[in-house]
Amino acid sequence: MSSTLIVYLHGFRSSPRSSKAVMTGEAIKALSTLEHPIEWYCPQLLASPKASMDMVVKHIDESTHDRLIVVGSSLGGYYTNYLAEKYGCKAIALNPAVRAPKELASHVGMLTSYDTDEPYDFRPEYIEELKALQVEVISNPTRYFLMAAKGDELLDWQEMVDFYPGAHQLVLEGSDHGIADYSEHLPKVLKFIDQ
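Residues numbered from 1 in each chain as written. Predicted model: local features only at pLDDT ≥ 70, side-chain atom pairs only at ≥ 80, totals over all residues. Heavy atoms only, no water.

### Notes on the overall build of the chain
- The secondary structure content of the chain amounts to seven helices and eight strands.
- Its C-alpha atoms give the chain a radius of gyration of 16 Å, within 12% of the compact-globule value 16 Å for 195 residues.
- Over its C-alpha atoms, taken along the principal directions, the chain stretches across nearly 50 × 35 × 35 Å.
- Within the chain, the fraction of its 195 residues that count as buried is 52%.
- Across the chain, the fraction of contacts at a sequence separation of at least 24, relative to all contacts at a separation of at least 6, is 67%.
- As presented, the chain carries roughly 9100 Å² of accessible surface, and 53% of it is formed by carbon and sulfur atoms.
- In the chain, the 17 positive side-chain charges and the 27 negative ones have mean positions that sit 3 Å from each other. (Helix = DSSP H or I, 4+ residues; strand = E, 2+ residues; numbered from the N terminus. Rg over C-alpha atoms; globule rule 2.2 N^0.38 Å. Buried < 20%, exposed > 50% of the residue type's maximum accessible area, 1.4 Å probe, protein only. Contact = heavy atoms within 4.5 Å. Areas by Shrake-Rupley, 256 points an atom, 1.4 Å probe, with all protein chains shown as cover. Lys, Arg positive; Asp, Glu negative; His and termini not counted. Charge placed at Lys NZ, Arg CZ, Asp CG, Glu CD.)

See below:
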């Protein structure tokens, strides 16, 4: 019996209730069997990048699994790179923020979460915490699957493509940062997980 742990990391100011997280989780749970159980772990990430990664690493280290796969969207994709390099596991990055310290520097201050409108304090020291998690070069491109939308209104798709040379890449014409047509492309994500 082989067991798999799939970690899904949502984006900045998002939550496990995001449409991509919910869709992916439902599809993964449908694939889980008694012979090949799959644990789905999609936590609410914290404002602090360090605290978020400490929490996720603790869960991974305490989980019983033969295979680990990390999926991340936007800022979650940035975290995915860090975890994939740390654990040498497969990774799926959905419109990832490959240079998050640079991309989020202008967002420092009081914000609200998209789903709940709860206050969200994004502090200056969190940029330093992000820098400590930066992956400069991915070590094994074949472990990575990139989904990048040319219509992403927040991040540069070309920068994403350049960051994952040699990886499995699905570049979408149009779409948007949230990948509104994600349900159409989810089968390719599941196929990569299954390989």
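### Thoughts on the layout of surface pockets
- Taken as a whole, the largest pocket spans an internal volume of roughly 470 Å³.
- Forming the boundary of the largest pocket are 22 residues, of which F12, S74, Y114, L154 and H177 lie nearest the centre.
- For the lining of the largest pocket, the elements supplying multiple residues, two or more each, are α1 (19-31) and α4 (100-104).
- Element by element, the count of residues in the lining of the largest pocket is highest for α4, at three residues.
- Counting residues per element, the ones that place at least two in the lining of the second largest pocket are α1, β3 (67-73) and α7 (182-194).
- If you tally residues by element for the lining of the second largest pocket, the top one is α7, at three residues.
- Of the residues contributing to the lining of the second largest pocket, the split by class is six nonpolar, three polar and two charged. (1 Å grid on protein atoms, 1.4 Å probe; cavity = no way out; pocket = protein on both sides within 12 Å on 5 of 7 lines; lining within 4 Å. Points joined across faces, edges and corners; volume = space filled by probe spheres on them. Nonpolar A, V, L, I, M, F, W, Y, C, P; charged D, E, K, R; others polar.)

### Looking at the packing of aromatic side chains
- Overall, the coordinates contain eight aromatic pairs when judged by the stated rule.
- Summarising the aromatic geometry, the rings of Y144 and Y164 are spaced 5.7 Å apart at their centres and angled 50° between planes, so their arrangement reads as tilted. You can see Y144 sitting in strand β7 (residues 144-149) and its partner Y164 sitting in the loop between α6 (157-163) and β8 (168-172), a full 20 residues away along the chain.
- Taking relative accessible area as the criterion, Y144 reaches 1% and is therefore assigned buried.
- Given the relative accessible area of 1%, Y164 is considered buried.
- The structure contains a cluster of three or more aromatic residues connected by ring pairs, namely F12, Y120, F122 and Y126.
- A cation over an aromatic ring shows up here: K86 above the ring of Y87, its NZ or CZ 5.5 Å from the ring centre.
- K90 extends its terminal NZ or CZ atom over the ring of F192, reaching a point 4.4 Å from the ring centre. (Phe/Tyr/Trp six-rings, centres within 6.5 Å; stacked < 30°, edge-to-face > 60°. Lys NZ or Arg CZ within 6 Å of the ring centre and 35° of its normal.)

### Observations concerning the packing of α1 against α7
- Between α1 and α7, the shortest axis-to-axis distance is 11 Å and the interhelical angle comes to 45°. In this view, α1 runs oblique relative to α7, as classed from their interaxial angle. The crossing of α1 and α7 is right-handed. Mapping the contact onto sequence places K20, M23, T24, A27, I28 and L31 in α1 and Y182, S183, L186, L190 and I193 in α7. (Axes fitted to C-alpha atoms, helices over the stretch in contact; angles between N-to-C directions. Parallel < 35°, antiparallel > 145°, perpendicular 65-115°, else oblique. Left-handed = near helix turned anticlockwise from the far one by under 90°.)

### Re the environment of G11
- With respect to the helices and strands, the residue G11 is situated in the loop between β1 (4-9) and α1.
- You can call G11 buried: its relative accessible area is 11%.
- Put simply, G11 and P49 are 38 residues apart on the chain and 12 Å apart in space, counted from C-alpha to C-alpha.
- In this view, G11 contacts S73, S74, L75 and G76; residues no more than four positions away in its chain are not counted.

All we've got here are geometric facts, nothing functional implied.
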